[in-house]
Amino acid sequence: MSNIKVSTEDNVGIIQLDRPEAANALSRQVVGEIVEQLEAFDQKDSVRAIIIKGNKKAFAAGADIDEMMDDSPLSLELADPFAVWDRITLINKPIIAAVSGFALGGGFELALHCDLIVASEDAKFGFPEITLGVMPGAGGTQLLTKAIGKAKTLEWIWLGKPRSAQEALEHGAINRVVAPELVEEETMRLAHQVADQAPVAVRLIKEAVNEAVDTPLIEGSKLERKNFYLTFATEDQKEGMQAFTEKRKPSFKGE
Ligand code: CO8
């Protein structure tokens, strides 16, 4: 039985987590389904941006504690259940999280794996793992540090206290905070805005910006230049610049 609902709206693919009875806890099956669907959307030409959302109560309340509680170091090492998350970093299309309610532990990590995060005023972000005697395991220490820096990340993860959406915004961990009833609409608006840009350029920009996070400036700048030059291999570059000189709206084809 599937734990996600999948739909598309124009050129935006939507993945909705659908385990309301468990606050959308991320069992291994759910994570597998999310990753496979992200890859399917990434391969689908008609989809140009992807939204991941939960429900009003929870984006996702973290790893499924019931499933994980009897794991041993050896069972974890052999099954390596969190390695599948690396596949999210290989998705080329823009991913936007629409967060209402709780985004905790693995749920916060799922949001941080997205490129942009739109949150409801009542959303709560946090890493409560310390209160379970563990720590983030699906990229949380890395992604939050890269997003907001070491000092704030350590305080956030060591104390384990959920933070409000406003605080997450002030820290620079998320992009936008809106009224609860506007989260889906605002996320869709943002997704369409990104999806309407030249797709090849959007993809190359994502790669270059991610590179900036992970490499020294000189290496990232080299990749950025290479990707910039590569945009000139596209019809969309020609169309975009032509449209500018003709003072009209460009019509991008993704080629
Ligand atoms: N795992 C399993 N079940 C959960 C989880 C969870 N993480 N969160 C909630 N549930 C279940 C509850 O057990 C409850 O089930 P039932 O009705 O059968 O008792 C149902 O969802 C509703 O939850 P509550 O009754 O607790 O609802 P409240 O509104 O009182 O509280 C909270 C909501 C605050 C979200 C609360 O449920 C909570 O604190 N949940 C646990 C949050 C947490 O500790 N998350 C971190 C988990 S550890 C982790 O994520 C490690 C990351 C490692 C890598 C990630 C891989 C996926």
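Our subject is the structure listed above.
Per-chain numbering applies: the sequence of each chain, read as written, is numbered from 1 onward. In keeping with the predicted nature of the model, local features appear solely for residues at pLDDT of at least 70, side-chain atom pairs appear and are counted solely at 80 or more, and the whole-chain, interface and lining totals rest on all residues.

Caption draft 1: Just the nonpolar core, in detail. Residues I96, V99, A103 and A111 are the most contacted members of the largest nonpolar core, which totals 59 residues. Broken down by element, the residue count for this core peaks at six residues, all from helix α8 (residues 183–195). Here this core gathers at least three residues from each of two domains, domain 1 (4–195) and domain 2 (199–245). Residue pairs are scored as contacts if the distance between their C-beta atoms, which are placed from the backbone, is within 7 Å. Other than its neighbours up to four places away in sequence, I96 contacts A49, I51, C114, D115, L116, V118, T187, L190 and A191. Remark: nonpolar core denotes a set of buried Ala, Val, Leu, Ile, Met, Phe, Trp, Tyr and Cys residues whose joining runs through C-beta atoms within 7 Å. Three exposure classes are used, all based on how many other C-beta atoms lie within 10 Å of a residue's own C-beta (placed from the backbone): buried at 20 or more, exposed at 12 or fewer, and partly exposed between those limits. A run of H or I in DSSP becomes a helix once it reaches four residues, and a run of E becomes a strand once it reaches two; helices and strands are each numbered from the N terminus. Start and end positions for the domains come from either an automated domain assignment or a database one.

Caption draft 2: Just the environment of N210, in detail. Mapped onto the secondary structure, N210 falls in helix α9 (residues 199–214). For N210, a count of 15 C-beta atoms within 10 Å gives the class partly exposed. On a C-alpha basis, the gap between N210 and A138 in space is 17 Å, while along the polypeptide they are 72 residues apart.

Caption draft 3: Region of interest: unusual backbone geometry. Residues other than glycine seldom take positive phi values, yet A23 does so here, at roughly 50°. Take A23: it is sitting in the loop between β2 (12–17) and α1 (28–43). A tally of 19 C-beta atoms within 10 Å means that A23 is categorised as partly exposed. Phi at K247 takes a positive value of approximately 55°, unusual for a residue other than glycine. Mapped onto the secondary structure, K247 falls in the segment after α11 (235–245). Using a count of 6 C-beta atoms within 10 Å as the deciding quantity, one classes K247 as exposed.

Caption draft 4: Local environment of the pairing of strand β5 (residues 95–99). Extensive coverage of β5 is indicated by the burial of five of its five residues. The side-chain alternation of β5 yields two buried faces, one formed by I95, A97 and V99 and the other by I96 and A98. Sheet topology places strand β3 (residues 49–53) next to β5; four bridges connect them, and they run parallel. Paired with I51 across the two strands is I96, which belongs to β5. Only when DSSP finds a minimum of two bridges between them are two strands counted as paired. Here β5 pairs with strand β7 (residues 116–120) via four bridges, running parallel. Of the residues in β7, the one forming a bridge with A98 is V118.

Caption draft 5: Structural context of helix α4 (residues 106–113). In terms of burial, α4 is a largely internal element, eight of the eight residues being buried. Those residues of α4 that sit buried are G106, G107, F108, E109, L110, A111, L112 and H113.

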